[in-house]
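An overview of the molecular structure
Read off the chains here:
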Amino acid sequence: MSVPGRHGGSADAGISVVICVYTEDRWEDILAAVASVRAQSLAALETLLVVDHNVSLLDRLAKEYKEIEGVRVLANAGPRGLSAGRNTGVAASSGEIIAFLDDDAVAERDWLRHFAEGYADPKVFAVGGRTMPIWESRRRPAWFPEEFDWVVGCTYKGLPEGRVRVRNVLGGNASFRRTAFEAAGGFATGIGRDGDKRPLGCEETELCIRLTRARPDAILLIDDRAVIHHRVPATRERFHYFRTRTYAEGLSKALVARSVGTDKGLESERRYATRVLPAGVGRGLRDALLARPGGAGRAGAIVAGVVTAAGGYVIGSVRARRGDATFSVVQIEKDADGEEGAAA
């Protein structure tokens, strides 16, 4: 499959992979993520490890990959957080396509190949994939509803299957044309994750909506053949994390709505809340009546997730109106030497 590069050429000469990292606690996960990229059936042009304000990890990774061709280690050039790290990776990358992989995930062998196939259509500006959970306990908690797998960074029940057009891709398993960032700017800082702070998100949602506003002809796809496997630690299998994450999602959605308006900012969420979640509650209650394990827990978790997310949205909206929560969009620009860099 041929995809134009920055100066022509094929996809295997034009895909950069960015992995943002922040803690040595994930050392083995980081090594596994990089190894999965290096084992791709369609070779990446480069793998960029962007270290988020952690000098010790930066030095350790620089030594680890010093002799490894195609792997570059660099420091986050912006403020602490995932959005600035991704922007740093985009600015330093060379590929026409930039793919993003979580630091605690591994990609299947044809991950990049399926991404590349989507870009055969010049109107496609982003392609995402399917993210499968690897539960540390080796099995899904009986109470944990598949409709809320986004809580642990994975593809959730209710997303369309196959290769389909979507409003936004999910950031831990996604790719964009370089021209997407030229048209819309980079990831907004102040929305997503910031080290060990509250588990916020939605920075990729805001970017995708901003992109389709800047380029109304842009097509964004999810191809569920582009699979990665995402590790879910035991701490995220607990109901306390579930509540914390859903509340944080509400806070994040309020910022997205503030940025792009409630019509687009909550378009997919309305369908999810009125169709997918009621069906999930129904299945849970049916399973409970049939004495199947976890049915009542799943139904209850869906209701609790909706309530806490709604609470976060209300609080986030109030904060946004008061100006307590702010974010900014970074433009990806070329510096005086012709290289690309990030500028506020």
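Residues numbered from 1 in each chain as written. Predicted model: local features only at pLDDT ≥ 70, side-chain atom pairs only at ≥ 80, totals over all residues. Heavy atoms only, no water.

The subject of this paragraph is the packing of aromatic side chains. The relative placement of two aromatic rings is captured by the distance of their centres and the angle of their planes. A complete count under the given rule lists 16 aromatic pairs for this structure. Measuring from centroid to centroid gives 5.5 Å for Phe-100 and Phe-187, while their planes differ by 90°, and the two rings are edge-to-face. A residue pair is termed long-range when its members are at least 10 positions apart, and Phe-100 in strand 4 (residues 97-101) and Phe-187 in the loop between helix 5 (178-184) and strand 9 (188-189) qualify at 87 residues. Relative accessible area serves as the criterion here: at 1%, Phe-187 is assigned to the buried category. Ring-pair connections join several aromatic residues into one group, and the members of that group are Trp-135, Trp-143, Phe-144, Phe-148, Trp-150, Tyr-156, Phe-239, Phe-242 and Tyr-272. The side chain of Arg-60 reaches across the aromatic face of Trp-27, ending 3.8 Å from its centre. (Phe/Tyr/Trp six-rings, centres within 6.5 Å; stacked < 30°, edge-to-face > 60°. Helix = DSSP H or I, 4+ residues; strand = E, 2+ residues; numbered from the N terminus. Buried < 20%, exposed > 50% of the residue type's maximum accessible area, 1.4 Å probe, protein only. Lys NZ or Arg CZ within 6 Å of the ring centre and 35° of its normal.)

Before going further, it helps to examine the pattern of salt bridges. One pass over the full model with this rule turns up 21 salt bridges. In this structure, Arg-26 engages Asp-103 in a salt bridge whose closest nitrogen and oxygen atoms are separated by 2.6 Å. Residue Arg-26 is found in the loop between strand 1 (15-21) and helix 1 (27-38), and its partner Asp-103 is found in the loop between strand 4 and strand 5 (105-107); the two are separated by 77 residues along the sequence. Each member of the pair Arg-26 and Asp-103 is classed as buried. Notably, a salt bridge pairs Glu-46 with Arg-72, separated by 3.0 Å at the nearest N-O pair. In this pair, Glu-46 sits in strand 2 (residues 46-51) while Arg-72 sits in strand 3 (residues 71-75), placing the two residues 26 residues apart along the sequence. (Salt bridge = Lys/Arg side-chain N within 4 Å of Asp/Glu carboxyl O.)

Taken as a whole, the chain shows an average pLDDT of 88; of its residues, 85% reach a score of 70 or greater. Below pLDDT 50 for its whole length, residues 1-13 participates in 29 contacts with residues either more than four positions away or in separate chains. Below a pLDDT of 50 lies the segment residues 334-340, which in the model reaches 12 contacts outside its immediate sequence neighbourhood of four places, other chains included. (pLDDT = per-residue confidence, 0-100. Contact = heavy atoms within 4.5 Å.)

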